[in-house]
Amino acid sequence: IDNSEEQIELFQKLGIEIILTGHIHLQSIKSYEVDDYRLYDIATASLLAYPNLYGYLKYCSNSGFEYSTQRVDVENWAVSNNVKDDNLVNFNRYTQDYFENKSYDKYYSIILEKLNNTESDSFESMASTVAKLNLGYFRGLRNEELLNTVSSTDYNMLMNSLPGWVKSYILSMSEHEFSNNNKYLSAWKSDAT
């Protein structure tokens, strides 16, 4: 937001240590620190989109907080309710494949449009790279898989070929301070009971 510094000062004055946000649909934890004050911004994943996470927050004003995510257990629900729909019985695979395919299609179209509407095997490979990055990014992981992808030939082709918001979006995937954005335990205060 435009007046973020003012908001952080207000949060500090009010003793707010954590805010939960959304809209961006992916799981992300960031922090802002000044002097002995630290503010955590936890962007919670969208329950309706892969990987179908919801957040669990345990907060104690005297001792800190613990945050973690859980996947919605559609598969267990389907089995328990004798549902025969393969997409529900195999929901984790279904939602991952659906998300990856939609990501691939979206970025293949963008790459094709930006690079002169001439189809190429390298476009397929680049779109597949973005789709794989998206899988980890939306799961809240900035891990070895992401680092390996960033050093790949397809990633380098993307960075050398794409101008604008797509390139910025791809670069933003590796700009996080936490490698696992699905759990966080705040520094518990020594006077906690």
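The structure under discussion appears in the preceding block.
An account of the accompanying structure is given in this report. (Residues numbered from 1 in each chain as written. Predicted model: local features only at pLDDT ≥ 70, side-chain atom pairs only at ≥ 80, totals over all residues. Heavy atoms only, no water.)

All right, on to the packing of helix 7 (residues 153-161) against helix 8 (residues 164-172) then. Two elements in contact, helix 7 and helix 8, have axes separated by 9 Å at closest approach and are oriented at 140°. As judged from the angle between their axes, helix 7 and helix 8 are oblique. As for how helix 7 packs across helix 8, the hand of that crossing is left-handed. Residue-level contacts link Tyr-155, Leu-158 and Met-159 of helix 7 to Lys-167, Ile-170 and Leu-171 of helix 8. Looking at the contact of helix 7 with helix 8, its residues break down into five nonpolar, no polar and one charged. (Axes fitted to C-alpha atoms, helices over the stretch in contact; angles between N-to-C directions. Helix = DSSP H or I, 4+ residues; strand = E, 2+ residues; numbered from the N terminus. Parallel < 35°, antiparallel > 145°, perpendicular 65-115°, else oblique. Left-handed = near helix turned anticlockwise from the far one by under 90°. Contact = heavy atoms within 4.5 Å. Nonpolar A, V, L, I, M, F, W, Y, C, P; charged D, E, K, R; others polar.)

Moving on, we come to the side chain of Ser-103. Tracing the sequence through the fold places Ser-103 in helix 4 (residues 91-114). Excluding anything up to four places from it in sequence, Ser-103 contacts Ala-131 and Asn-134.

This paragraph deals with the sheet that holds strand 2 (residues 28-34). Sheet strands associate in pairs through backbone hydrogen bonding, adopting either a parallel or an antiparallel arrangement. The strand order across the open sheet formed by three strands is 1-3-2, and the pairing between neighbours is mixed. Two strands close off the open sheet at either side, each with one partner strand: strand 1 (18-21) and strand 2. Across the sheet, the axes of successive neighbouring strands diverge by a mean angle of 15°, strand direction being ignored. As judged from the seven bridges shared by strand 2 and strand 3 (residues 37-43), these two strands associate in the antiparallel manner. (Pairing = 2+ DSSP bridges.)

Moving on: the sheet that holds strand 6 (residues 183-185). The strand order 4-5-6 describes an open sheet built from three strands, whose pairing is antiparallel. In this open sheet, the two edge strands, each paired with only one partner strand, are strand 4 (53-60) and strand 6. Shown here is a sheet whose adjacent strand axes are inclined to one another by a mean of 15°, direction ignored. One ladder, built from eight bridges, connects strand 4 with strand 5 (residues 64-71); its direction is antiparallel. Its bridge partner being in strand 5, Gly-55 is matched across the sheet by Thr-69.

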